[in-house]
Amino acid sequence: MTTSATPGKTPFVSGPALPIGPRPMPRRFHQARWDEPIIFELSTPGARGVLPPATEPGITALVGDPAAALPPGIRRAALPALPELGQLHVVRHYIRLSQENLGADLNIDVGQGTCTMKYSPKVNDRFARDPRIADLHPLQDPSTVQGVLEIAWRLERLLAEISGMDRVTLQPGAGSAAIWANVSMIRACHASRGDTARDEVVTTIFSHPSNAACAKVAGYKVITLYPDADGYPDLDALRAAVSERTAALLITNPEDTGIFNPRIEDFVRVVHEAGGLACYDQANANGLLGVTRAREAGFDLCHFNLHKTFSTPHASGGPGAGACGVTAELARFLPRPTVEFDGTAYRLDDDRPDSIGKIRPWYGVVPNLVRAYAWIMSLGAEGLREVAEIAVLNNNYLMKRVLEIRGLAAPFAAGRRRIEQVRYSWDELTRATGVHSEEIGYRAADFGTHYWTSHHPYVVPEPMTLEPTESYSRADLDEYAAILRTIAEEAYADPSFVHGAPYLSTIHRIDHEPLDDPERWAVTWRAYRRKHPGPDPAPAT
Amino acid sequence: MTDGRPGDARAVVGLLVNPIAGVGGRVGLKGSDGADTVRRAIALGASPGAGARASTAVRHLLAVWPAPGAPPVVLTGPLEMGEAAAAAAGARPMVIGSIAPGATTAADTVRLARLMVERGVELLLFAGGDGTARDIHEALRGAATPVLGIPAGVKMHSAVFATGPAAAGAVAAGFLALPTGRRRTEGREVLDLDEEAYRRGEIAPRLWGELLVPLERRRIQARKAPTPVSETAAAAAIAEEVAAGAPIGARYILGPGSTVRAIAERFGVPKTLVGVDVVRVEGPGAATLVAADAGEAELLLTAGSGDCRIVVTPIGGQGFIFGRGNQQMSPPVIRAVVRRAGRQGIIIVATPAKLAAIGTRPLLVDTGDPALDQELAGHAQVITGRGERSVARVAAA
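Rules used in this analysis
Residues numbered from 1 in each chain as written. Chains lettered and ligands numbered in written order. Predicted model: local features only at pLDDT ≥ 70, side-chain atom pairs only at ≥ 80, totals over all residues. Helix = DSSP H or I, 4+ residues; strand = E, 2+ residues; numbered from the N terminus. Buried ≥ 20, exposed ≤ 12 C-beta atoms within 10 Å, placed from the backbone. Contact = placed C-beta atoms within 7 Å. Rg over C-alpha atoms; globule rule 2.2 N^0.38 Å. Domains from an automatic or database assignment. Nonpolar A, V, L, I, M, F, W, Y, C, P; charged D, E, K, R; others polar. Axes fitted to C-alpha atoms, helices over the stretch in contact; angles between N-to-C directions. Parallel < 35°, antiparallel > 145°, perpendicular 65-115°, else oblique. Left-handed = near helix turned anticlockwise from the far one by under 90°. Pairing = 2+ DSSP bridges. Core = buried A, V, L, I, M, F, W, Y, C linked by C-beta atoms within 7 Å. pLDDT = per-residue confidence, 0-100. Arc of directions from axis to C-beta.

Student: So what about the overall build of chain B? Which residues, and what values?
Tutor: Counting secondary structure elements, chain B contains 14 helices and 16 strands. Counting over 397 residues, chain B shows a buried share of 56%. Sequence separation of 24 or more characterises 66% of the internal contacts of chain B that already satisfy a separation of 6 or more.

Student: Give a description of the overall build of chain A that names residues and reports values.
Tutor: Helices and strands together make up the secondary structure of chain A, namely 16 helices and 11 strands. Computed over its C-alpha atoms, the radius of gyration of chain A comes to 26 Å, within 12% of the 24 Å expected for a compact globule of 541 residues. Across its three principal directions, the C-alpha atoms of chain A cover 80 × 70 × 50 Å. Scored against the burial criterion, the 541 residues of chain A give a buried share of 45%. The contacts of chain A with a sequence gap of at least 6 include a subset with a gap of at least 24, amounting to 72%.

Student: I'd like to hear about the domain arrangement of chain B, residue by residue, with values.
Tutor: Residues and elements named next belong to chain B. Annotation of chain B at the domain level lists domain 1 (12–214) and domain 2 (231–396). On a C-alpha basis, the centres of domain 1 and domain 2 stand 31 Å from each other. Where the side of domain 1 that touches domain 2 is concerned, the elements lending two or more residues are β6 (185–192) and β7 (206–214). Per element, the largest residue contribution to the side of domain 1 that touches domain 2 is five residues, and it comes from β7. In the side of domain 1 that touches domain 2, the residues fall into nine nonpolar, four polar and four charged.

Student: Quick one: what's the story with the packing of helix α5 (residues 146–163) of chain A against helix α11 (residues 366–402) of chain A, residue by residue and with numbers?
Tutor: Residue and element names in this part refer to chain A. Two elements in contact, α5 and α11, have axes whose closest approach is 10 Å; the angle formed by their N-to-C orientations is 55°. Comparing their axes, α11 and α5 come out oblique. Crossing hand, α5 versus α11: left-handed. Across from Val 148, Ile 151, Ala 152, Arg 154, Leu 155 and Leu 158 in α5, the residues of α11 making contact are Val 366, Leu 369, Val 370, Ala 372, Tyr 373 and Ile 376. Here the residues of the contact of α5 with α11 sort into 11 nonpolar, no polar and one charged.

Student: Hey, could you go over the interface of chain B and chain A for me, with residue numbers and the actual values?
Tutor: At the junction of the two partners, chain B supplies 33 residues and chain A supplies 40 residues. Counting only elements with at least two residues in the side of chain B that touches chain A, the list comes to α3 (50–64), α7 (165–176), β15 (378–385) and β16 (388–396) of chain B. Residues that form the side of chain B that touches chain A fall into these classes: 15 nonpolar, 11 polar and seven charged. Of the strand pairs in this sheet, strand β3 (residues 221–225) of chain A and β16 of chain B are connected by four bridges, and their pairing is parallel. Bridged to Thr 224 of chain A within β16 of chain B is Ser 390 of chain B.

Student: I'd like a description of helix α10 (residues 258–267) of chain B, backed by residues and values.
Tutor: Residues and elements named next belong to chain B. Buried residues dominate α10, accounting for eight of its 10 residues. On its buried side, α10 packs onto α9 (231–244), β8 (251–254), β9 (277–283), β10 (286–291), β11 (308–312) and β13 (346–349). Immediately beyond the C-terminal end of α10, within one or two residues, lies Gly 268, with a positive phi of roughly 80°.

Student: Any chance you could break down the packing of helix α3 (residues 122–129) of chain A against α11 of chain A for me, citing the residues and the numbers?
Tutor: All names here are of chain A. Packing of α3 against α11 brings their axes to within 9 Å, and their N-to-C directions diverge by 135°. The angle between the axes of α3 and α11 places the two elements in the oblique class. For the element pair α3 and α11, the recorded crossing hand is right-handed. In this structure, α3 uses Asn 124, Phe 127 and Ala 128 to contact α11, whose residues at the interface are Pro 367, Val 370, Arg 371, Ala 374 and Trp 375. Residues of the contact of α3 with α11, tallied by class, amount to six nonpolar, one polar and one charged.

Student: Mind laying out the environment of Tyr 472 of chain A, listing which residues take part and the relevant values?
Tutor: Residues and elements named next belong to chain A. Its location among the elements puts Tyr 472 in the loop between β11 (463–466) and α14 (474–493). Along the sequence, Tyr 472 and Val 90 sit 382 residues apart, while their C-alpha atoms lie 33 Å from each other. Beyond its immediate stretch of four places on either side in the chain, Tyr 472 contacts Ile 108, Val 110, Asn 394 and Leu 477.

Student: Kindly report on the nonpolar core, identifying the contributing residues and their values.
Tutor: The biggest cluster of nonpolar side chains holds 215 residues, and the ones touching the most others in it are Cys 279 and Leu 369 of chain A together with Leu 125, Ala 172 and Val 311 of chain B. Broken down by element, this core gets its largest block of residues, 13 residues, from α11 of chain A. Setting aside residues up to four positions removed in sequence, Cys 279 of chain A forms contacts with Asn 182, Ile 186, Ala 248, Leu 249, Leu 250, Phe 299, Asp 300, Leu 301 and Cys 302 of chain A. Listed in part, the 33 residues of the second largest apolar core include Tyr 424, Trp 426, Tyr 442 and Ala 491 of chain A.

Student: Tell me about the confidence of the model for chain A, and please be specific about residues and values.
Tutor: Confidence in the prediction of chain A, expressed as mean pLDDT, is 89, and 93% of residues score 70 or more. Low pLDDT, under 50, characterises residues 1–11 of chain A; the stretch is placed with 18 contacts to residues that sit more than four places away or in other chains.

Student: Account for the sheet that holds strand β1 (residues 12–17) of chain B, naming residues and giving values.
Tutor: Residues and elements named next belong to chain B. Spatially, β3-β2-β1-β4-β5 is the arrangement adopted by the five strands of the open sheet, whose pairing is parallel. Two strands in the sheet have a free side with no partner beyond their single neighbour: β3 (94–95) and β5 (147–151). In terms of strand pairing, strand β2 (residues 73–76) meets β3 through two bridges, oriented parallel. The residue bridging Thr 76 from the neighbouring strand is Val 95, located in β3. Against the sheet, helix α6 (residues 130–140) makes contact with β4 (123–128) and β5, and its axis sits at roughly 145° relative to β4, the strand it touches most.

Student: Help me get a handle on the domain arrangement of chain A, residues and values and all.
Tutor: By a widely used convention, the size of an interface equals the accessible area lost when the partners come together. Residues and elements named next belong to chain A. Its domain assignment divides chain A into domain 1 (131–376) and domain 2 (382–499). Here the C-alpha centroids of domain 1 and domain 2 sit 30 Å apart. Contacts between domain 1 and domain 2 engage 20 residues on the former and 21 residues on the latter. Broken down by class, the residue content of the side of domain 1 that touches domain 2 amounts to 11 nonpolar, seven polar and two charged.

Student: Go over the pairing of strand β7 (residues 322–326) of chain A with me, naming the residues and quoting the values.
Tutor: Residue and element names in this part refer to chain A. Among the five residues that make up β7, five are buried, leaving the element largely enclosed by the rest of the structure. Relative to β7, strand β1 (residues 167–169) runs antiparallel, the two sharing three bridges. Looking at β7, one finds that Val 168 is bridged to Gly 325. As paired strands, strand β6 (residues 301–305) and β7 are joined by five bridges and run antiparallel to one another. The partner of Leu 301 across the bridge, within β7, is Val 326.

Student: Summarise the pairing of strand β8 (residues 338–341) of chain A; cite the residues concerned and give the values.
Tutor: Residues and elements named next belong to chain A. Both β8 and strand β9 (residues 346–349) contribute to a ladder of four bridges, which runs antiparallel. Within β9, the residue paired with Phe 341 across the bridge is Tyr 346. Taking the residues between adjacent antiparallel strands as the criterion, β8 and β9 are bridged by four residues, where Gly 343 takes a positive phi near 100°.

Student: Pulling in residues and values, what's your account of helix α12 (residues 331–341) of chain B?
Tutor: Residues and elements named next belong to chain B. Regarding α12, the residues found buried are Val 333, Ile 334, Ala 336 and Val 337. The buried side chains of α12 occupy one side of the element, clustering within an arc of 160° when seen end-on. Trailing α12 by a residue or two, Gly 342 shows a phi angle of about 75°, which is positive.

Pasting the structure below:
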């Protein structure tokens, strides 16, 4: 038996000869389909997963009903409406659901749009789950949580070094929350100067939409810049946008096209000259670690997504973790409390009269702070820079491979390389075949890979955004490119076949309409039962 | 997946081909209107391509149709006005009406389009250019039948065309495959030049009205996206912003287009869709109509006396803000407004979807006065919603 490939087909596995032939490219895959109900539908009255022992008679004799000793405010008036199941049924339920999913640990997860996650090393979960972390309570006295405060303080110092900023807060529970904190600090800063006429925020169309959204929620008018004819952020447009009403520039760089703004210092200068602050959305920092810093570009504020650049889980929309960095001039506006260290002990400083207040309860999403700290410490400064270099190399390698596929293009900045992601366009393929980007995603599921069209603001037609990060090997990227090539060939040969996809996935098509309809959407069982009344589901047998 | 259609009711699509569309362009005649032009074009060696383009569209429609067992019923004009193209694409068309082969005119387009509307087509696909779009607009007389142009003409300033024949087929399939209650359309402008003047080198395009066109989902709306607001809601948000910033006593010259019309509605005054109207702001969000469908002389009078603004929205598929369908706002009118109010006196409005469709191309001005075009070129703020603006490039056409 030989492992040599047939022409045009490369086996995924190389190495010593095994008694199996070359693998087909792309791999054959079929997802598990359990047709698993919602856990509430599995409820069997009386079933229990845990049976707590009855209170011992001696204790009852001494203290009476222990529940009566609890303050009324924390006692339930009625039993919670939880499903009733045995332990094994619960375990089986969630394992089945996980098999009906394409998790980050299961597939080549480079097609998440700009929300791509890197691999989260499992050892970091051990630290986060260590009882010395997991069993802490946020109401504990700081003297009893010196260790975790030290982790937070040290992580702040690391992120200050990585960004060049003077102070960092780890309180925000997500990237958007960090942007909200930054916008709040911008507003507080101008107010502290008595400068209340500044009611406009400038952003770019390819910056993360959270920038415009947070500014809008904070009461600012938003001016959005479109790219120039070459696809770069338009400096002349910025000049036409700024005035004595400009509060700040909120800008992502590299933008979600993967294009680095070569005039970023000019952008900061123009805004500063107009009296505004410059705020750097560093959610796309993965290709910049150890290479460039917000400080050197002149920014006043910045933020990172710890759940994107620093490997912590995103947790399906939260809680993630965000970090804001600010200059010394803005430090007094940071959310409170801050973590302070006097050389011997750590404390939480809540006495900050100029603070914007709290962004979320307590002090950040501690398990993710622990993971991010562990990740950074395991890499060191050189390792962080290597992360950036591999992420950029992976991205440009994948770009070279996929741009060989018929019908795919990378709009803007033609011929130029990208940093850590690329927003591609299937426009040519769609025009020729009628197959949409979204349908390529459905078909990709048949190969066990995830592909999501998260590409606000839809300026690029038929978008696809790939962000390979440093986590994936060359073989992984080759496999992903081969899948896309196969689907493109299928689209040209038989569009109706791709229209019918997916064929091998758990769920074939979802009707999106109810997801946009407040009368029909439901994110809890209670809401589902209220909005979709009907007979009670039959108890599981 | 389901095809989402109740019972076995099959979608009905009309296909109308202007067989001589585009013949003038290939031989440099800048259009194909008029029998003389067609004869000249054919004498110069032109061959009509509209049929082939229509055929491509139908082939794509059938190829991407989600329920191959129940394709849409294709209703066509006879022979070169649709039948041949549909048959070449593998459809078995139902033919209606009659024509004189080889000698069809605009009147045939109008007559057949009316027949199709009467027969209840759910979408009317037509292959042609601006002239054909204008004929369809005339034929529909305000009927709410959605239409979609298969681009096959010389002039395509109208915004009712798909980006190409295949795209037309794909959009048509996507639209018709939806249950009727979920089909979304938007009004788009029909613009057409006066071809005689165009051949003499004058550009005098006129806005003839709007047609309902399927709202194309070419910008993928994935789940992380917020629900895209409807164009109506987007225009209402723009109107709110314009009204909030309107000083009492100022007069507003309102250009054509449905985005601007929403502003008139916000002010509580009627608005001609294709004309230029003048309103006077009387109070917060309230105005009175000064002049409806005003001509250049009337606008000059308004612009020359006191605080006056112009409100324009990109017209047609190419993003013109001046010089397409709103020539009443002549260079002297624009200059008079800019003299008093500066560049801010020209208020540009556009829905985010429209700006996204224009993409990185600039907004265009073609006032007929090259010096003024140059003055207007550069970057300009565009109101896109309540408290929302964009900065767009403006360039001389």
